[in-house]
Amino acid sequence: MASSESQVQGPLSERELQVIELVAAGLTNQEIAEKLEISKRTVDNHISNILTKTETDNRVALVRWALQWGKVCIDNVNCCPLPNSSSEVTS
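Residues numbered from 1 in each chain as written. Predicted model: local features only at pLDDT ≥ 70, side-chain atom pairs only at ≥ 80, totals over all residues. Heavy atoms only, no water.

Undergrad: Looking at this structure, I do not really get helix 4 (residues 59-68). What am I missing?
TA: Each turn of an α-helix holds 3.6 residues, which means side chains three or four residues apart point in the same direction. Regarding helix 4, the residues found buried are Leu 62, Val 63, Trp 65 and Ala 66. Buried residues in helix 4, looked at end-on, bunch into an arc of 160 degrees, giving them a common side. Opposite the packed face of helix 4, turned more than 90 degrees from it, sit the exposed residues Val 60, Arg 64 and Gln 68. Looking at the buried residues of helix 4, the elements they touch are helix 1 (14-24) and helix 3 (40-54). Residue Asn 58 occupies the N-cap position of helix 4, its side-chain oxygen lying 3.1 Å from the main-chain nitrogen of Val 60. Count one or two residues on from helix 4 and you reach Gly 70, which has phi positive near 70 degrees. (Buried < 20%, exposed > 50% of the residue type's maximum accessible area, 1.4 Å probe, protein only. Helix = DSSP H or I, 4+ residues; strand = E, 2+ residues; numbered from the N terminus. Arc of directions from axis to C-beta. Contact = heavy atoms within 4.5 Å. Polar contact = N/O pair within 3.5 Å; in protein donor to acceptor, adjacent residues only side chain to side chain.)

Undergrad: Is there a simple way to explain the confidence of the model for the chain in this structure?
TA: Detailed reading of the predicted model is not advised wherever pLDDT is low. Of the residues in the chain, 74% have a pLDDT of 70 or more, and the chain-wide mean is 83. Here helix 4 stands out as the least confident element of the chain, with mean pLDDT 94; helix 2 (residues 29-36) is the most confident, with 98. Every residue in residues 1-5 scores below 50 in pLDDT, and together they form five contacts with partners more than four places removed in sequence or on other chains. Confidence over residues 85-89 falls short of pLDDT 50; this stretch has one contact with residues more than four positions distant or in other chains. (pLDDT = per-residue confidence, 0-100.)

Undergrad: Would you take a moment to explain the pattern of salt bridges for this structure?
TA: Pairing is possible between side chains that carry opposite charge, provided their charged atoms lie close to one another. On inspection of all chains with the given rule, the structure shows two salt bridges. A salt bridge links Asp 44 to Lys 40; the shortest N-O distance between them is 3.0 Å. Pair noted here: Asp 44 and Lys 40 are both in helix 3, with a separation of four residues, about one helical turn. By relative accessible area, Lys 40 is classed as partly exposed at 36%. (Salt bridge = Lys/Arg side-chain N within 4 Å of Asp/Glu carboxyl O.)

Undergrad: Mind showing me how you'd approach the nonpolar core here?
TA: A general trend in soluble globular proteins is that nonpolar side chains are found buried together. If you look at the biggest cluster of nonpolar residues, it comprises 19 residues, and the most contacted ones within it are Val 19, Ile 20, Val 23, Ile 32 and Leu 62. Here this core takes five residues from helix 1, the largest share from any one element. Residues within four places of Ile 32 in sequence aside, it is in contact with Val 19, Leu 22, Val 23, Leu 27, Val 43 and Arg 59. (Core = buried A, V, L, I, M, F, W, Y, C linked by side-chain atoms within 4.5 Å.)

Undergrad: Could you clarify how one ought to interpret the side chain of Thr 56 in this entry?
TA: Along the chain, Thr 56 turns up in the loop between helix 3 and helix 4. Among the polar contacts listed, one links the side chain of Thr 56 to the side chain of Thr 54, at a separation of 2.8 Å. Ignoring anything within four residues of it in the chain, the contact list for Thr 56 reads Leu 51, Ala 61, Leu 62 and Trp 65.

Undergrad: What is the right way to read the environment of Val 43 from this model?
TA: The topology assignment puts Val 43 in helix 3. Sequence-distant contacts of Val 43, defined by excluding residues within four places in its chain, comprise Asn 29, Ile 32, Ala 33 and Ile 38.

Here it is as structure tokens:
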């Protein structure tokens, strides 16, 4: 098991994070390619690299991973950090 905070085999690039957000939004690889103005083959490679780095087997597992580690925000879930309760001291 990886010891990294977000359980990633290697650091995710900014582009890979963009791809994860679009996968979580439900886009197909072709739709992601069109949105990012890259080829579908490049998206396929990004997805493959992301699955390897996150040790996930498919898109559903990837989205679950991304939600668990706060990498995506879906329908206002995981969109902001919870307030730190230690900073709210009452007198």
